[in-house]
Every structure is written in structure tokens, then in C-alpha cells.
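Inside the fold
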Amino acid sequence: MRLLAISDLHIAAEENRQALEALPAFPDCWLILAGDVGETAAQLDRVLACLGERFARLIWVPGNHELWTTGETERGEAKYRTLVEIARRRHVLTPEDPYALWPGPEPRLAIVPLFLLYDYSFRPDDVPLEQVCDWAAETRAVCADEVLLDPTPFSSRAAWCEARCTAAEARLAALPPNTETVLINHYPLRQDLVRIPRVPRFAPWCGTRRTEDWHRRFRARVAVSGHLHVRRTDWRDGTRFEEVSLGYPRDWDRDNGIAAYLREILPGPAAPPDASSIASIRHW
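Please read all numbers here as calculations on a predicted model, not as lab measurements.

Cut-offs applied
- Residues numbered from 1 in each chain as written.
- Predicted model: local features only at pLDDT ≥ 70, side-chain atom pairs only at ≥ 80, totals over all residues.
- Heavy atoms only, no water.
- 1 Å grid on protein atoms, 1.4 Å probe; cavity = no way out; pocket = protein on both sides within 12 Å on 5 of 7 lines; lining within 4 Å.
- Points joined across faces, edges and corners; volume = space filled by probe spheres on them.
- Nonpolar A, V, L, I, M, F, W, Y, C, P; charged D, E, K, R; others polar.
- Helix = DSSP H or I, 4+ residues; strand = E, 2+ residues; numbered from the N terminus.
- Buried < 20%, exposed > 50% of the residue type's maximum accessible area, 1.4 Å probe, protein only.

Here we look at the layout of surface pockets
Its boundaries defined by the atoms lining it, the largest pocket holds a volume of some 400 Å³. In this structure, the largest pocket is lined by 19 residues; those nearest its centre are Val199, Phe202, His227, His229 and Tyr248. For the lining of the largest pocket, the residue count by class is 10 nonpolar, four polar and five charged.

Focus on unusual backbone geometry
A cis amide bond links Thr152 with the next residue in sequence, Pro153, at an omega value of 10°. The omega angle of the peptide bond from Leu266 to Pro267 is 0°, so this bond is cis rather than trans. Looking at where Pro267 falls in the secondary structure, it is placed in the loop between strand S10 (263-266) and strand S11 (278-282). One non-glycine residue, Asp36, adopts positive backbone phi at about 60°. The exposure class of Asp36 is buried, given its relative accessible area of 2%. Here Tyr120, not a glycine, exhibits a phi torsion of approximately 70°, which is positive.

As C-alpha cells, this is what we get:
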């Protein structure tokens, strides 16, 4: 039995949709979907229906694309709640559900889906919050969220992020002290994991400094994320960080099929000798 992960399926792209439908079954495996499977509620339902028949269990967290308002009437928190209900009807674990315990031969290990958003704190200290979009635009780094991701009823995406982090911290702090975790969030939990050579100033839309030490505070065995479209494995303080994006058609080799991009989270690779500090592996 294995826990696998992938994110950023972006099935709005026809090439990605066709490749997803050709994915073989993994009936003994659980699959993490770490956000950006599509851009509409219908696309999310299509993906969950497709993959629900091929895996023993699905775990889903939203990315920014799922929350976009693209011709749909629901927006912000209301759209998120609709997506959660779609997932629950498909018996998919969401950030709103009780954490599942991994049934493998492990110590007590909780599977923790998170929805945390971002608060623009992944920016240089000398760039004021009110200037961050202009600073990013100097190098043509622009995020469609500024138009398409409505935070209603919150005053801003940063305020929504704060509320989500506060709620998640309380739930995680309530876990028994002998419980380890697999933390799953669309955005990376640490700023030093954001390496986007093509658009380095896109970082403000990639997470929050508030989660910088969550892997230590909440005993994370593995932290899973997507969003960056830069697949890699990093180690910090003995925790394995997995960026598991597929990405747009230009970001992956379609001759390999999507199965080649499923990352094994559990049991996963052994830690390298220097995992207590910093180590990285790039996945091309």
C-alpha cells in the first residue's frame, strides 16, 4: 500500500485531460490531489469521478485555480464550500474533514489536508505590502488571482489566509503528542522552498511565513505541495518536502504519461545523511 501525490493537473488544458483519462488504476494506493485540478466545480467533479475509480482513496486540497470565478455565480468562501461538498459526495477527504490515520505499518500518522492561501509575506522585507503587486510587475510577474480569486466575505486574500491558518493551527495543536503528520497544502509551507527561475517575483502569491515552522511544531514526516510547477524534493530538519506539480502541457513530457509524475509520499525514500539540515533533489 502506498500514498501517492500529484498536483496542478490543470485539466482545462485538453492535453492534460486526455492524459488523465488514460491514467491506469492503482487500486491499492491512496492519492493526494494537492490543488489546481481545474478551474470550475464541474472540472473538479470530473477529476474526482475519474480518479475515484482508480485509487483506494482520494485526498484533495484546493489551489487558487479551483477558487477562480470564471463565469460562475459563487465566489470566495461560498465557492470553496461548494467544492468541499462535491468532494464529500465522492467520498474524498477535504480540509474540512477529520484527519485520516494512515493504515500502513507506521506509528500514529495523520493525513492532514490544509487550505491556507497566501498573505503576500513571501516578499522582500523592504517591499511594503501595498506595493507588492507593482514590485512584481516590474519583471512582468502578474497573478490572475488579483482579478479572478474573490475573497468574499473576507476583506482580502490575506485576511482569508489569516483565518484559515488560525483554524488549522488550532486543529493541529489538538492532535495527540505521539501523532506524526503528512501536511498537504497547495502552497509550499516555507519561503526558502519557492524557487521559480522563470518568474522569481511571483513568490508573494506562493504562501505565508506563518507556516515556516509548522513541519517542526506539528511533527511532519512529509509536507506535500504544488503550485510552483517545479517538481523537487527538499529536506528541512529531517522533514521531507515534496513539490508534486504536473503543470501545463509545456511543463511535462506527455510521452511519459501522468503515471510517471505520481510522487510516492509513503513509504517514500530514505532520508539522505544531511537531512537534518538542508538537501534538495530536482525532478525534471
